Amino acid sequence: MNTPAENRKLKAFIFDVDGTLSDTERDGHRVAFNSAFDEYGIDWHWSVETYGKLLAVTGGKERMKYYVQDFLDPADVPDGIEEKIPELHKAKTRHYTKLLSTGAIPLRPGVERLIDEARQHGYRLAIATTTTPENVTVLLEHTLGKESIDWFDVIAAGDIVAAKKPAADIYEYALKQMKLSADECIAFEDSENGIKSSLGADLTTIITINDYTMDHDFSNASIVLDQMGEAGDNFNVISGDSNGATYLNCDLVEQLYRSSVNS
Ligand code: XBP
Ligand code: MG
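What comes next is a walk through the structure. (Residues numbered from 1 in each chain as written. Chains lettered and ligands numbered in written order. Predicted model: local features only at pLDDT ≥ 70, side-chain atom pairs only at ≥ 80, totals over all residues. Heavy atoms only, no water.)

**Some remarks on the packing of helix 1 (residues 25–39) against helix 4 (residues 81–100)**
- Their axes nearest at 8 Å, the elements helix 1 and helix 4 cross at an angle of 130 degrees. The orientation of helix 1 with respect to helix 4, classified from their angle, is oblique. In terms of crossing hand, the pair formed by helix 1 and helix 4 is right-handed. The residues of helix 4 that touch helix 1, namely those facing Asp27, Gly28, His29, Val31, Ala32, Phe33, Ser35, Ala36, Phe37 and Glu39, are Leu88, Ala91, Lys92, Arg94, His95, Tyr96 and Leu99.
- Here the contact of helix 1 with helix 4 is composed, by residue class, of nine nonpolar, four polar and four charged. (Axes fitted to C-alpha atoms, helices over the stretch in contact; angles between N-to-C directions. Helix = DSSP H or I, 4+ residues; strand = E, 2+ residues; numbered from the N terminus. Parallel < 35°, antiparallel > 145°, perpendicular 65-115°, else oblique. Left-handed = near helix turned anticlockwise from the far one by under 90°. Contact = heavy atoms within 4.5 Å. Nonpolar A, V, L, I, M, F, W, Y, C, P; charged D, E, K, R; others polar.)

**What to know about the pairing of strand 3 (residues 152–157)**
- Inspection of the sheet shows strand 2 (residues 124–129) paired to strand 3 by five bridges, in the parallel sense. Paired with Leu125 across the two strands is Phe152, which belongs to strand 3.
- Between the parallel pair strand 2 and strand 3, the chain is carried across by helix 6 (residues 133–143), and the sense of this crossover is right-handed. (Pairing = 2+ DSSP bridges. Right-handed = clockwise from strand over helix to strand, strands pointing away.)

**Re the packing of aromatic side chains**
- The final tally for this structure, using the stated rule, is 15 aromatic pairs.
- Judged by centre distance (6.1 Å) and plane angle (45 degrees), the rings of Phe33 and Tyr51 are tilted. Here the residue Phe33 occupies a position in helix 1, and Tyr51 occupies one in helix 2 (residues 48–54), the gap between them amounting to 18 residues.
- Three or more aromatic residues link up through ring pairs in this structure, and these residues are Phe33, Phe37, Trp44, Trp46, Tyr51, Tyr66, Tyr67, Phe71 and Tyr212.
- Here the basic side chain of Lys92 rests over the ring of Tyr96, its NZ or CZ set 5.1 Å away from the ring centre.
- The cationic tip of Arg119 hangs over the ring face of Trp151; the distance from NZ or CZ to the ring centre is 3.9 Å. (Phe/Tyr/Trp six-rings, centres within 6.5 Å; stacked < 30°, edge-to-face > 60°. Lys NZ or Arg CZ within 6 Å of the ring centre and 35° of its normal.)

**Regarding the sheet that holds strand 2**
- Taken in spatial order, the seven strands line up as 3-2-1-4-5-6-7 in an open sheet, and their pairing is mixed. Of all strands in the sheet, those bounded by a partner on one side alone are strand 3 and strand 7 (237–239). Shown here is a sheet whose adjacent strand axes are inclined to one another by a mean of 25 degrees, direction ignored.
- With four bridges joining them, strand 1 (residues 12–15) and strand 2 adopt parallel strand pairing. Residue pairing in the sheet places Phe15 in a bridge with Ile127 of strand 2.
- Contacts from helix 5 (residues 111–120) reach strand 1, strand 2, strand 3 and strand 4 (185–189) within the one sheet, and its direction differs from that of strand 1 by about 155 degrees.
- Strands strand 1, strand 2, strand 3 and strand 4 of the sheet are contacted by helix 7 (residues 169–178), whose axis makes an angle of about 150 degrees with strand 3.

**Details of helix 1**
- Counted at 1.5 Å a residue, the expected span for helix 1 with its 15 residues is 21 Å, and the 20 Å between its end C-alpha atoms agrees.
- Residues Glu25, Gly28, His29, Arg30, Ala32, Phe33, Asn34, Ala36 and Phe37 constitute the buried set of helix 1.
- Lining the buried residues of helix 1 we find helix 2, helix 3 (60–70), helix 4 and helix 6.
- Positive phi appears at Gly41, one or two residues downstream of helix 1, with a value of about 65 degrees. (Expected span 1.5 Å × (residues − 1). Buried < 20%, exposed > 50% of the residue type's maximum accessible area, 1.4 Å probe, protein only.)

**Considering unusual backbone geometry**
- With an omega of 15 degrees, the peptide bond running from Lys165 to Pro166 counts as cis.
- Backbone geometry places Asn243, a non-glycine residue, at a positive phi of 50 degrees.

**Overview of the site of ligand 1**
- Around ligand 1 there are 18 residues in total, and Gly59, Gly60, Arg63, Lys92 and Thr132 lie nearest to it.
- Side-chain polar atom of Arg63 to an oxygen atom of ligand 1: 2.6 Å apart, as the coordinates give it.
- Residue His89 places a side-chain N or O atom 2.7 Å away from an oxygen atom belonging to ligand 1.
- For ligand 1, the accessible surface in isolation is 450 Å², of which the surrounding protein chains cover 97%.
- Listing elements by their share of the shell around ligand 1, those giving two or more residues are helix 1, helix 3 and helix 4. (Near = heavy atom within 4 Å. Polar contact = N/O pair within 3.5 Å; in protein donor to acceptor, adjacent residues only side chain to side chain. Areas by Shrake-Rupley, 256 points an atom, 1.4 Å probe, with all protein chains shown as cover.)

**Focus: the side chain of Ser242**
- Relative to the helices and strands, Ser242 resides in the loop between strand 7 and helix 9 (250–261).
- Note on Ser242: relative accessible area 10%, which makes it buried.
- Look past the residues within four positions of Ser242 in its chain and what remains in contact with it is Ile223, Phe235, Val237 and Leu252.

**With respect to the environment of Lys84**
- Of note, Lys84 is situated in helix 4.
- Under the relative-accessibility criterion, Lys84 is labelled partly exposed at 36%.
- Measuring from C-alpha to C-alpha, the distance between Lys84 and Tyr40 comes to 9.9 Å, with 44 residues separating the pair along the chain.

Take a look at the structure:
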């Protein structure tokens, strides 16, 4: 935080994608991994429960390596699998983008409204995610429309940085691209790896949990909500103070930003 408190102004919203904009993990990424394994004749099947454990490691290629190393009996590791992972991951991305292009996975409640409102108020928008860039564009195209890709100043994604979340690199990259400092932005996350990354970049962070992340440690979040919510579809506040608000709008985002940068 380097700007004097009285001059600090919120200029941009930086969104995580998986789990935050949309519940893509269980019915999107997991399904696509399993389809890739089937395509390659590999007899792995990641159940909903196993996948929850595998989410400890971000990045699809990294997650497959983690599975091989920590979940498989060495005797069951297919020959040459480590070298095959990049190719397997390309197949996974193909299955994922195909699935999402059917519109199978919607945005989470309140996401579209908050993005619309942020644009009306003149906040800049960015994405900071671990997933592959084309996975982000296919989600945006089939939820907010093709033109929405241009609403984001930067889509920071995947292998563009060497170290994925929980490292702060992807948020730092997004800030650099926008030529903004951390105290001019706010991050939206859903997971412990995500908040470690955003806090590592010094960003005030708002959390919306999901089934896979409800037990994560969010003790340094500005607020923890079950969803962004809508008028008439209230969020539940898990921790923090919504100051009487019943859904996440730009007013509440501003209040949370102010109390964080002034503390
Ligand atoms: C997202 C991820 C990604 C996706 C898979 O984490 O962990 O690995 O599950 O994406 P976050 P790829 O929401 O914290 O960014 O297979 O394209 O890597
Ligand atoms: Mg996430």
